[in-house]
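# Per-entry structural report
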Amino acid sequence: MSDISEIFVVTNASQKFFVIGQIEELGYELPAENLLLEPVGKNTLPAICYGMRAITEKFGRSVVGIFSSDHILDTKAMETIASAEGLASEYLITFGISPTSPNTGYGYIKPGESLGVGYKVSEFKEKPDVEVAEKYIKEGCLWNSGMFLFDTEVFFHELKSHAPEVSDTFESSDDIQEIYGKLPSISIDYGIMEISDKVATVKIDDHWNDLGNFNSIYNEFDKDENSNVIYNCDDMLVNSTGNLIHSRPKKIVSMIDVKDMVVVDTPDALLVCPRESSQKVKDVVSALKEEDDERVQLHQTVYRPWGSYTILENSERHKIKNIIVLPHKKLSLQMHHHRSEHWVVVEGMACVENDGERYFLRQGESTFIKAGVRHRLSNPGKLPLEIIEVQLGEYVGEDDIVRFDDEYGRE
């Protein structure tokens, strides 16, 4: 078992406080130096190299497990992963999953010579169509899980041999902004795994799910008597089977003669598609990114170092938020050019700084913040502070904020 001090998370700046909030919800506190922020995404090889470098600097030579954040593994699968530690002193290890179907969403690994707990990798295969996937399974190929076990010394040796442009760039500076400005965008598979002759695979026969799409999520959850997965809502289903339904509390979702569909209803988006087509959601996300839609980055609930906020309603000229400020936390001293704000305390005690004046608000009390005025909200109490914020103005985007003081180091 790893202690929290031995876990490193590589993410981007927009996800920083979301990650911190989720870890705190689990009852842990991640050391600040273990949260590594990429200035820009450059695919998996730079991200892994960033993490491996930080681990080496803190702990010296180490054996490192590398996992995506959304995988589910049971205890036996983790034991299989741990059993491969000895093999990692000679090989870069990737974990192959015993296929349960000719899945077209995964790449495949063809095992070769036996190495005891694992096999030398004979070949990596790209994501196939169904017929080719069936052929791969008959040949004994495994799903490529995208999970790895690396000895830092073996990893950096192979990195230097096969991706010197990445290795040299990381060695050229300690400034991560400068490093990422020079790095190529390259995956660990293309950069090292498919080239190196020191690659082994260890087969996992136990429970694993990458939750890579809504169909995977459907397979993970318990079903009702009609094989429906219903989460977070009331349902009124007639002759409907095999569906995944996620909606908002107290909202009735009615479906008639509907089979094998995904229905996901959130405050800012509605998805309806066949379960088998749910991988195509990434095409929608790509289109939204091209349109520079902020909903790709900012979800309905957003984590901040002081707590979180949830957008309840939104238009071009107004926004309503439910804001939670954790005990003894404070927002930055700030000002907005284009909007005013009205705060109503729902629960807890609020300390307000407003245009040089400082006062306290209790449950049911409110205050008004004019546009252009410096202000700050803080929670002096021992319980969470909950307020409703109503923003009004000609522009209510999240980037209309000027910070004058911030104890979390934000600009």
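Owing to the predicted nature of the structure, the values given are computational and were not obtained by experimental measurement.

What follows concerns the overall build of the chain. When you go through the chain residue by residue, the secondary structure sums to ten helices and 27 strands. Along the longest, intermediate and shortest principal axes, the C-alpha atoms of the chain span 75 × 60 × 40 Å. Here the chain holds 411 residues, and the buried ones make up 42% of them. If you take every contact in the chain between residues at least 6 apart in sequence, the share linking residues at least 24 apart comes to 65%.

Ordered in space as β17-β18-β19-β26-β21-β24, the six strands form an open sheet in which the pairing is antiparallel. The sheet terminates laterally at β17 (301-304) and β24 (366-369), the two strands that pair on one side only. Going across the sheet, the axis of each strand differs from the next one's by a mean of 20°, ignoring polarity. As paired elements, strand β18 (residues 307-314) and strand β19 (residues 318-325) share seven bridges and run antiparallel to each other.

To continue, consider the packing of helix α2 (residues 44-59) against helix α5 (residues 152-162). In a packed pair of helices, the relevant descriptors are the angle between the two axes and the axis-to-axis distance. At a closest axis distance of 11 Å, the pairing of α2 and α5 adopts a crossing angle of 135°. Taken together, the axes of α2 and α5 are oblique relative to one another. Here α2 and α5 pass one another in a crossing that is left-handed. Counted together, L45, I48, C49, M52, R53 and T56 of α2 and T152, F155, F156 and L159 of α5 form the full contact between these two elements. Residues belonging to the contact of α2 with α5 are distributed by class as follows: seven nonpolar, two polar and one charged.

Here we take up the pairing of strand β15 (residues 261-266). Of the pairings in the sheet, the one linking strand β13 (residues 244-246) to β15 comprises three bridges and is parallel in character. Bridge pairing links I245 to V263 in β15. With antiparallel pairing between neighbouring strands as the criterion, β15 and strand β16 (residues 269-274) make up a hairpin whose turn holds two residues.

Along the chain, the position of P164 falls in helix α6 (residues 164-171). What makes P164 partly exposed here is its relative accessible area of 34%. Taking the C-alpha atoms as reference points, P164 and Y50, 114 residues apart in sequence, are found 15 Å from one another. Not counting residues up to four positions away in its chain, the partners in contact with P164 are L159 and T169.

Let us look at the nonpolar core. Within the largest apolar cluster, 32 residues are counted, with the highest numbers of intra-cluster contacts made by L45, F150, F155, V166, F170 and I188. For this core, the secondary structure elements donating two or more residues are α2, β3 (63-66), β7 (119-125), β8 (142-151), α5, α6, α7 (176-182) and α8 (188-193). A total of seven residues in this core trace back to one element, the largest contributor, which is α2. For I188, the residues in contact, after removing those within four places along its chain, are T44, L45, I48, F148, F150, F155 and M193. If you look at the next biggest cluster of nonpolar residues, it comprises 21 residues, including A77, A84, Y108 and A133.

What follows covers the domain arrangement of the chain. For the chain, the assigned domains are domain 1 (39-209), domain 2 (214-280) and domain 3 (301-405). Taking only C-alpha atoms, the centre of domain 1 and the centre of domain 2 are 34 Å apart.

Taken in spatial order, the four strands make up an open sheet running β11-β13-β15-β16, and their pairing is mixed. This sheet does not close on itself; its edge strands, each paired only once, are β11 (229-231) and β16. Along the sheet, successive strands turn relative to each other by an average axial angle of 5°, direction set aside. Pairing of β15 with β16, which is carried by six bridges, proceeds in the antiparallel orientation. Along β16, the bridge assignment pairs D265 with L270.

Once that is clear, we can look at the environment of E290. Relative to the helices and strands, E290 is located in helix α10 (residues 281-290). When its relative accessible area of 72% is taken as the criterion, E290 is described as exposed. Remark: the alpha-carbon pair of E290 and L183, spanning 107 residues in sequence, is separated by 23 Å.

Cut-offs applied
Residues numbered from 1 in each chain as written. Predicted model: local features only at pLDDT ≥ 70, side-chain atom pairs only at ≥ 80, totals over all residues. Heavy atoms only, no water. Helix = DSSP H or I, 4+ residues; strand = E, 2+ residues; numbered from the N terminus. Buried < 20%, exposed > 50% of the residue type's maximum accessible area, 1.4 Å probe, protein only. Contact = heavy atoms within 4.5 Å. Pairing = 2+ DSSP bridges. Axes fitted to C-alpha atoms, helices over the stretch in contact; angles between N-to-C directions. Parallel < 35°, antiparallel > 145°, perpendicular 65-115°, else oblique. Left-handed = near helix turned anticlockwise from the far one by under 90°. Nonpolar A, V, L, I, M, F, W, Y, C, P; charged D, E, K, R; others polar. Core = buried A, V, L, I, M, F, W, Y, C linked by side-chain atoms within 4.5 Å. Domains from an automatic or database assignment.

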